[in-house]
Amino acid sequence: ASFARIREVDADVKAFLTLNEDRALEQAEKLDKQIQNGGEVPFLFGMPAGIKDNIITQDLRTTCASQLLANFDPVHNATVMDKLGESETVTVGKLNMDEFAMGSSTENSGVQETRNPWNTEYVPGGSSGGSAASVAAGEVLFSLGSDTGGSIRQPASYCGVVGLKPTYGRVSRYGLVAFASSLDQIGPLTRSVEDNAYVLQQIAGHSENDSTSADVEVPNYLEALGKEVKGLKIGVPSEYIGEGVDEGVKQRVLEALKVLEEQGAVWEEVSLPHSKYAVAAYYLIASSEASANLARFDGVRYGVRDENAKDLVEMYKETRSKGFGEEVKRRIMLGTFALSAGYYDAYYKKAQQVRTLIRRDFEKVFADYDVIVGPTAPTTAFKLGEQLDDPLTMYANDILTIPVNLAGIPAISVPCGFSDSMPVGLQIIAKPFAEETIYTVAHAFE
Ligand code: GLN
């Protein structure tokens, strides 16, 4: 059914970069026999999944939507893929994204533009645009994305699906091609909150291959779903419903708060005063880490190599000049500059200090409130091409999601209605490792 649906809609939506049809159908047949023979049925058995193309999959092409990795077939799986394998999900294919996860519209893909299934003249958001669009279009039951500054939540919001960025360390990053290692986190995109909890349950947990994955117990997320929100205290940051936020988006968020209020939750306005510095700090930190992480794509170890170069240095230059797209080069240059001698203290160190202030803003609010609620993004999806020539406008899409990554805390985007016929996402943010609270609130609202 998944492949039939892909044949029906993907020529328009363009969510998939690679299909895994032969192997997926073979696996489905095997699972079918297993059921008929009364065999064991593991958690998530047979669920068709799409995987963002920066999560490595053994013997299945993984390009990060970059021409530099156009021929890269990994020799092993990311930890999340092994975990999904244990529960017998079926990998349907790999999903489009902004190249190396740098962008907010999936237009920075080095391969193709994915379109928003609600209206194909609009972007699906990004960088996990393929992950959100494939779920919204009914091509797969769930997908995995990655979120460094909003790349799961913002496309989930634009495409009207549920997307969770777990706490930093909740899910192993082993086998996620690193963009900004201190911010990156893998998470599920689904149609319902319940599905989301199922997928997180399967992919969460410590792995010895990722020293930043947390060695703390994984709770039963499904038990969080039925709980009441009565007495729960919600903080709504004035910065998240103030200037720059579309009126339609704001209205939907206020209506969502009303629904929670009717169930006995209380909400009050709070402040996250350093939010306004988050985008600036993020683009210094993320680009600095990216400039180091992307040094490995040199034409020697991975991917496509320029064959005409006369010596090693020319080969590096040609490979990287031709292989990387414009936005990736912009980030590498910005990051290299920010880390260079004489500038480190002025830029990188300062950005790290701002990061601490942003984390403390959240800690202060969480001393008195259980969750923070606001919009996921200041607007709904915009038209293809509309922000392409203006990187700074594009960066502003993540103004409400970036602070969460800088603080390392979990947050979800859950659909809360429409504005001008395009979906609006409600963001629910919680303390470190309080994904359960997020699911309780999201489910109560849904
Ligand atoms: N849009 C942000 C960026 O371009 C976030 C991307 C992400 O979360 N991967 O960096």
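Basis of the calculations
Residues numbered from 1 in each chain as written. Predicted model: local features only at pLDDT ≥ 70, side-chain atom pairs only at ≥ 80, totals over all residues. Heavy atoms only, no water. UniProt positions renumbered as here; feature names shortened; annotations may be inferred. Helix = DSSP H or I, 4+ residues; strand = E, 2+ residues; numbered from the N terminus. Contact = heavy atoms within 4.5 Å. 1 Å grid on protein atoms, 1.4 Å probe; cavity = no way out; pocket = protein on both sides within 12 Å on 5 of 7 lines; lining within 4 Å. Patch = residues over 30% accessible without salt bridge, like charges linked within 9 Å, V, L, I, M, F, W, Y side chains within 5 Å. Areas by Shrake-Rupley, 256 points an atom, 1.4 Å probe, with all protein chains shown as cover. Salt bridge = Lys/Arg side-chain N within 4 Å of Asp/Glu carboxyl O. Lys, Arg positive; Asp, Glu negative; His and termini not counted. Charge placed at Lys NZ, Arg CZ, Asp CG, Glu CD.

The protein chain is annotated in an unreviewed UniProt entry as Glutamyl-tRNA(Gln) amidotransferase subunit A of Marinococcus luteus. Entered under Catalytic activity (unreviewed entry) in the UniProt record, the comment concerning the protein chain runs "L-glutamyl-tRNA(Gln) + L-glutamine + ATP + H2O = L-glutaminyl-tRNA(Gln) + L-glutamate + ADP + phosphate + H(+)".

Student: I tried to follow the side chain of serine 192 on my own but got confused; where do I start?
Tutor: The topology assignment puts serine 192 in the loop between β6 (186-190) and α6 (193-203). Discounting residues that sit within four places of it in the chain, serine 192 has contacts with Val162 and Glu446.

Student: Before we go on, may I ask you to explain the UniProt feature "active site" (unreviewed entry) in the protein chain in this structure?
Tutor: UniProt marks Lys52, Ser127 and Ser151 with the feature "active site" (unreviewed entry), using the numbering shown here. Of the residues just listed, which span 100 residues, no C-alpha pair is farther apart than 10.9 Å, and they cluster in one region. Lining residues of the largest cavity, restricted to the annotated ones just named, are Ser151. With respect to the helices and strands, the residue lysine 52 is situated in strand β2 (residues 48-52). Apart from the residues lying within four places of it in its own chain, the contact partners of lysine 52 are Lys94, Leu95, Met97, Ala101, Ser127, Ser128, Ser131, Leu144, Gly145, Ser146 and Ser151.

Student: How should a negative patch on the surface be read in this particular structure?
Tutor: A grouping of Asp22, Glu26, Glu29 and Asp32 is seen on the molecular surface, where their side chains present a negatively charged patch. Along the chain, glutamate 29 turns up in helix α2 (residues 21-36).

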